[in-house]
Amino acid sequence: MIKTSLLPVVTLILLCGRGWAQRVQNMDIYFLAGPGPSSSMTIPDADVTVNKSTGVASAIGYGYQVSRISAASIWLDLAQTSVVDKLTGADIPGLVNNDFMSLTAGLRFMMPLQSRISVYGTLGGGWAYLNYPAIERLTIPSVTSNSTTHGVFQCGGGLDLRLTVRISIRGEVRDIVTGRGLSGSTGPHHVVPLMGVAFHF
């Protein structure tokens, strides 16, 4: 038998549980990974070509559903996207680091195709920490890396396949748009294909 003094505590737990249940499917956390290719590029004002390479891209994000329009839903999407790239060489001695990491906030638009499959698109912006090649002018010139922070625009789209009420498989292509010649890209685009798992709450 529950003592009278414990009834408020039990009532609070039940109410919290009911509130949590009402929020089911309003949040998700996702973990994605894929290849992070970089292009060969020429260092500005130098006749030096940096070799292309392939790193590992990853994205960790949090989504919160803010609105629903008929079957479609709109989500707040907070994401960290990174590429960890092996050091690559060039025409002259030295190594270049093509890593980058971005933090973005934006919106995700999800549209179900059927009960278990949804397509989605994302738009957002934020900032990124990036690297770019430079010449270290010593007795024997060598190639090295400098780093910078830069504003970014992010867009992408993908497919979400629900396996259970709480878990889905997600695949997408994400484009981080920033300055030219940064972290292994000759242009402003850093396109990464990603696949992984999302947990729904």
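All values reported here derive from a predicted model rather than from experimental measurement.

(A) Inspection of empty space enclosed by the protein at higher detail. One pass over the structure, following the stated rule, counts one cavity of 30 Å³ or more. Taken as a whole, the largest cavity spans an internal volume of roughly 40 Å³. Here the lining of the largest cavity takes four residues from strand 7 (residues 117-136), the largest share from any one element. Looking at the lining of the largest cavity residue by residue, the classes come out as two nonpolar, six polar and one charged.

(B) Inspection of the packing of aromatic side chains at higher detail. One pass over the structure, following the stated rule, counts one aromatic pair. Taking the centre distance of 6.2 Å and the plane angle of 70° together, the rings of Phe-31 and Phe-199 count as edge-to-face. Of this pair, Phe-31 sits in strand 1 (residues 27-38) while Phe-199 is found in strand 10 (residues 189-200), placing the two residues 168 residues apart along the sequence. Using a relative accessible area of 40% as the deciding quantity, one classes Phe-31 as partly exposed. With a relative accessible area of 30%, Phe-199 lands in the partly exposed category. The side chain of Arg-170 reaches across the aromatic face of Tyr-120, ending 5.3 Å from its centre.

(C) Focus on the layout of surface pockets. Put simply, the largest pocket is a space of about 300 Å³. Lining the largest pocket are 19 residues, and of these Arg-68, Trp-75, Met-110, Ser-118 and Arg-162 lie nearest its centre. Of all the secondary-structure elements, those providing two or more residues to the lining of the largest pocket are strand 4 (53-69), strand 5 (72-84), strand 6 (100-112), strand 7 and strand 8 (142-162). At three residues, strand 6 tops the list of elements feeding residues into the lining of the largest pocket. When the residues that make up the lining of the largest pocket are grouped by side-chain class, the tally is five nonpolar, seven polar and seven charged.

The rules behind these values
- Residues numbered from 1 in each chain as written.
- Predicted model: local features only at pLDDT ≥ 70, side-chain atom pairs only at ≥ 80, totals over all residues.
- Heavy atoms only, no water.
- 1 Å grid on protein atoms, 1.4 Å probe; cavity = no way out; pocket = protein on both sides within 12 Å on 5 of 7 lines; lining within 4 Å.
- Points joined across faces, edges and corners; volume = space filled by probe spheres on them.
- Helix = DSSP H or I, 4+ residues; strand = E, 2+ residues; numbered from the N terminus.
- Nonpolar A, V, L, I, M, F, W, Y, C, P; charged D, E, K, R; others polar.
- Phe/Tyr/Trp six-rings, centres within 6.5 Å; stacked < 30°, edge-to-face > 60°.
- Buried < 20%, exposed > 50% of the residue type's maximum accessible area, 1.4 Å probe, protein only.
- Lys NZ or Arg CZ within 6 Å of the ring centre and 35° of its normal.

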